[in-house]
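One letter stands for each residue in the lines below.
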Amino acid sequence: MVGYHKQRVLITVKTYPLPSKKAIEVSCTAGITDDNKWVRLFPLPFRHLEYSKRFKKYQWIEANICKAASDPRPESYRVDLDSLRPMGSPLPTKNNWQVRKEKILPLAAPSLCHLQRTRESTGITLGIFKPRCINELIIEPEENPRWTPSELETLSQQYMFERIQVAPVEKIPFKFKYRFFCNDSKCEGHTLSVTDWEIGEAYRKWRRDYSESWESYFRQKFEYDVIYCFDTYFYVGTVRAHPDVWIIVGLFYPHKEAIYATG
């Protein structure tokens, strides 16, 4: 295919799906190439892929990709879905995520403030960094807790020749945000939204399992553990329509070494 080239990508990020008039629903999927470059595969309708093409986080995939002409972010590429192929098992978590750390942490930026400054000079819109301190997880009700009729109509469509029927994705009726300071001497603090698929699925599971008590379980992992137990890094990216707006698109969270050693 003209403009496409074969690329291996280690998937590190999948965001919760959103309606898309062009692709029914889309999830921002990102990862690291063989030569240690960030790449964003967007749009990618993950739940509409054939089961044999569905991949997990920290699993390598191979696909033909080309630079997304309509997306100015330098890391954004389109995927030939017919060529997509998951490869092997996800990188293991043994030894406190050692193999994952060896691949991912060399790409860590000093801070979000550094990424913001670098974007102004290089255009970079993806990265990972370790916050100096995380103050709190903010949970806010969505202004519109349900999809609009137009969004629901979009989500109810199916791809031509699609072999599986996919129910419309549930809207998460809350916004999740982290308030934190990054490791920059001039940092005045940040509050960033979180769009990670794992967080959305955790909300759905715990609300189903624990009803009105879901928040205590949710905060145990994504606030207490993230702050006190995990050696937490944030994967971040910018919004296509607002390239200077950063959001948290995923978490990297091995245990803190002292806790791992005694655990």
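Structure shown above.
Conventions we followed
Residues numbered from 1 in each chain as written. Predicted model: local features only at pLDDT ≥ 70, side-chain atom pairs only at ≥ 80, totals over all residues. Heavy atoms only, no water. Pairing = 2+ DSSP bridges. Helix = DSSP H or I, 4+ residues; strand = E, 2+ residues; numbered from the N terminus. Axes fitted to C-alpha atoms, helices over the stretch in contact; angles between N-to-C directions. Contact = heavy atoms within 4.5 Å.

**Quick look at the sheet that holds strand 12 (residues 233-239)**
Then, in step 1: Across the sheet, three strands lie side by side as 8-12-13; this open sheet has antiparallel pairing. Looking at the sheet topology across the chains shown, the edges are occupied by strand 8 (126-129) and strand 13 (242-252). Neighbour-to-neighbour, the strand axes of the sheet open up by a mean angle of 25 degrees, direction not taken into account.
Then, in step 2: Inspection of the sheet shows strand 12 paired to strand 13 by seven bridges, in the antiparallel sense. Note that in strand 13 the partner of Gly237 across the bridge is Ile247.
Then, in step 3: Sheet strands in contact with helix 1 (residues 94-104) are strand 8, strand 12 and strand 13, and its direction is about 155 degrees off that of strand 13.

**Re the sheet that holds strand 9 (residues 131-141)**
Then, in step 1: Spatial ordering of the open sheet is given by 9-10-11, a layout of three strands whose pairing is antiparallel. Two strands bound the open sheet, and with one partner strand each, they are strand 9 and strand 11 (190-193). Between one strand axis and the next, the sheet turns through 25 degrees on average, direction left out of account.
Then, in step 2: As defined by bridge partners, strand 10 (residues 174-182) adjoins strand 11 across four bridges and the pair is classed as antiparallel. Directly across from Arg179, in strand 11, lies its bridge partner Thr191.
Then, in step 3: Relative to strand 11, helix 2 (residues 112-122) is tilted by about 75 degrees, and along the sheet it contacts strand 10 and strand 11.
Then, in step 4: Lying on the sheet, helix 5 (residues 214-229) is in contact with strand 9 and strand 10; it crosses strand 9 at an angle near 165 degrees.

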